[in-house]
Amino acid sequence: METHLADSIRDTDRGREAERILRACVHCGFCNATCPTYQVRGDELDGPRGRIYLIKQVLEGAEPSRATQRHLDRCLTCLNCMTTCPSGVDYRHLVDIGRSEVEKRVGRGPLERIERLLLRTVLPYRRRFAVALGLGRWFRPLLPGRLADKIPAVLSQPGTWPPARHDRRMLLPTGCVQGVLTPNVDAAAARLLDGLGITLERVPDGCCGALDHHLGAEETARERARRNIDVWWPRIQSGAEGILITASGCGVHVRDYGHLLRDDPDYGDKAAALMDKIRDPCEVIDAAAVERLGLNAGERAVAFHPPCTLQHGMRLRERTEAALRAAGFRLLPVKDSHLCCGSAGTYALLQPALSTELKYRKLRALEEDKPEVIATANVGCQTHLAPEARVPVVHWVELLDQLSAR
Ligand code: SF4
Ligand code: SF4
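Remember, it's a predicted structure, so these values are computed and weren't measured experimentally.

Draft legend 1. Inspection of the overall build of the protein chain at higher detail. Across its full length, the protein chain carries 25 helices and eight strands. Relative to the globule expectation of 22 Å for 406 residues, the C-alpha radius of gyration of the protein chain, 21 Å, shows essentially globular dimensions. Judged by the C-alpha coordinates and their principal axes, the protein chain covers about 65 × 50 × 45 Å. Counting all 406 residues of the protein chain, 54% fall into the buried class. Considering only contacts within the protein chain whose residues lie at least 6 apart along the sequence, 76% involve residues at least 24 apart. Within the structure as shown, the protein chain displays about 18,000 Å² of accessible surface, and the carbon and sulfur contribution to it stands at 52%. Once the 57 positive and 52 negative side-chain charges of the protein chain are each reduced to a mean point, those two points are 4 Å apart.

Listed below in structure tokens is the structure:
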């Protein structure tokens, strides 16, 4: 696509990056076919091609409006469009640039600013989140329905952590709200890795920064990345073989630290080097590992929901499914499994109507063949789908762990 960026941005790093991405787009529109928000709204400007065009106009000097901002806000950042695009357009980094330009020029009203500040003040801090969740559950009967519905349920209790007894070690970040909502997931991963001869070592890091990044607080996101690198780097240097991230929503963001800190003279190289050390559970507990563990599910019927962050963000398709099949689960076919469930970080809170519509579509598809259980790989999807699902929604490592405990 031909571009003529405005003088104010053309010769900046962001301008050059945006120009490179925009020029790769041939405006074919194939991406619209797999965009969940385009499917629901049927509006070109709520699909990737339209959003790319809006961003191009803004970067070329057009004045963005509240409408421009709303079309970009409605994007789930599910990255389905990147999987579909035949030209390899890096929509992910373009939409970041577009959103930040629009944010600077359009701003937000007071209510939106407070809502976003509250989310950024509570969600990335595990203790604050635990207190807020406890209070929310306590006062739930007094809250208006719309707010009460947003209080997530705690979906598991913390499980036993195996003793550190192996030379092989991997690190487990502990700063995520996952530890509050589904505390058994990390413990289940630790028990499975223990069976594979790997000690999972909990490290005192903080939130990965994905939430700040998606809410436009770029510098806070970078600061969180630097702090986590300070925790991980010496441990990797002393022999830990990788960093296991059990929530794919965090995994996809952490794998982008190299891009986030690419201009940082102190952290850029470390961030890039650490990217090879990030592991999703499906890269460690793969089909071969499951066979070594000798698990047998006896044909239990499972519907698997691959989070967008896993299948589109990290491009780790079919690995989890292969591990579940190796354990003897019968994986049911799920229509449109490439589509987002509507969770998407804080999207469910900020875009409730679209998010709810996508959730019901996803649940209909997942439950069509009557699974005994729904499995997924991200705490956001799990807590989003669980309240209205007819069967339990679990993280897939918990399913495997239940077998190994038999
Ligand atoms: S992003 Fe890719 S699929 Fe979408 S319009 Fe551009 S070139 Fe076509
Ligand atoms: S990231 Fe998802 S919602 Fe956003 S434009 Fe791409 S396909 Fe549509």
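On we go.
Draft legend 2. Spotlight on the domain arrangement of the protein chain. You can read the domains of the protein chain as domain 1 (7-106), domain 2 (116-148), domain 3 (168-280) and domain 4 (283-404). Distance between the C-alpha centres of domain 1 and domain 2: 32 Å.

Draft legend 3. The arrangement of the packing of helix α4 (residues 48-59) against helix α5 (residues 66-73) in detail. Axis separation between α4 and α5 bottoms out at 10 Å; the angle between their running directions is 135°. The orientation of α4 with respect to α5, classified from their angle, is oblique. You can see that α4 and α5 cross each other, and the crossing is left-handed. Contacts between α4 and α5 involve Arg51, Leu54, Ile55 and Val58 on the former and, on the latter, Thr68, His71 and Leu72. Classifying every residue of the contact of α4 with α5 gives four nonpolar, two polar and one charged.

Draft legend 4. Representation of helix α7 (residues 91-106) within the structure. With 16 residues, α7 should cover 22 Å at 1.5 Å per step; its first-to-last C-alpha distance of 21 Å lies within 8% of that length. With 12 of 16 residues buried, α7 is to be regarded as a mostly interior element. Inspection of α7 places Tyr91, Arg92, His93, Leu94, Val95, Asp96, Ile97, Gly98, Arg99, Ser100, Glu101 and Val102 among the buried residues, and these make up the whole buried set. Among the residues trailing α7, Gly107 stands out with phi positive, at a value near 75°.

Draft legend 5. Inspection of the pattern of salt bridges at higher detail. Applying the stated criterion to the full structure yields 35 salt bridges. Here Glu219 makes a salt bridge to Arg226, at a shortest N to O gap of 3.2 Å. Given a relative accessible area of 14%, Arg226 falls into the buried group. The closest approach of N and O atoms between Glu367 and Arg390, which form a salt bridge, is 3.6 Å. Pair noted here: Glu367 is in helix α23 (residues 352-367) and Arg390 is in the loop between α24 (379-385) and β8 (393-395), with a separation of 23 residues, a long-range link. Arg390 gets classed as exposed once you look at its relative accessible area, which sits at 72%. Residues joined by salt bridges that share partners form a network here, namely Glu218, Glu219, Arg222, Glu223, Arg226 and Asp264.

Draft legend 6. Region of the structure containing the side chain of Arg51. Along the chain, Arg51 falls in helix α4. Arg51 sits in the buried class, given a relative accessible area of 1%. A polar contact is formed between the side chain of Arg51 and the backbone oxygen of His71, at a distance of 2.7 Å. When near neighbours in sequence (up to four residues on either side) are disregarded, Arg51 contacts Cys35, Thr37, Leu45, Asp46, His71, Leu72, Arg74, Cys75 and Tyr91.

Draft legend 7. A look at the nonpolar core. By size, the foremost hydrophobic cluster in this structure holds 41 residues, and its most contacted members are Leu200, Ile285, Phe329, Trp396 and Leu400. Sort the elements by how many residues they give to this core and helix α12 (residues 184-195) lands first, with seven residues. Counting contributing residues, this core receives three or more from each of domain 3 (168-280) and domain 4 (283-404). Those residues in contact with Phe329, other than ones at most four positions away along the chain, are Ala297, Arg300, Val302, Leu324, Leu399, Leu400 and Leu403. Within the second largest apolar cluster, 29 residues are counted, among which are Ala210, Val231, Trp232 and Tyr257.

The rules behind the values
- Residues numbered from 1 in each chain as written.
- Chains lettered and ligands numbered in written order.
- Predicted model: local features only at pLDDT ≥ 70, side-chain atom pairs only at ≥ 80, totals over all residues.
- Heavy atoms only, no water.
- Helix = DSSP H or I, 4+ residues; strand = E, 2+ residues; numbered from the N terminus.
- Rg over C-alpha atoms; globule rule 2.2 N^0.38 Å.
- Buried < 20%, exposed > 50% of the residue type's maximum accessible area, 1.4 Å probe, protein only.
- Contact = heavy atoms within 4.5 Å.
- Areas by Shrake-Rupley, 256 points an atom, 1.4 Å probe, with all protein chains shown as cover.
- Lys, Arg positive; Asp, Glu negative; His and termini not counted.
- Charge placed at Lys NZ, Arg CZ, Asp CG, Glu CD.
- Domains from an automatic or database assignment.
- Axes fitted to C-alpha atoms, helices over the stretch in contact; angles between N-to-C directions.
- Parallel < 35°, antiparallel > 145°, perpendicular 65-115°, else oblique.
- Left-handed = near helix turned anticlockwise from the far one by under 90°.
- Nonpolar A, V, L, I, M, F, W, Y, C, P; charged D, E, K, R; others polar.
- Expected span 1.5 Å × (residues − 1).
- Salt bridge = Lys/Arg side-chain N within 4 Å of Asp/Glu carboxyl O.
- Polar contact = N/O pair within 3.5 Å; in protein donor to acceptor, adjacent residues only side chain to side chain.
- Core = buried A, V, L, I, M, F, W, Y, C linked by side-chain atoms within 4.5 Å.

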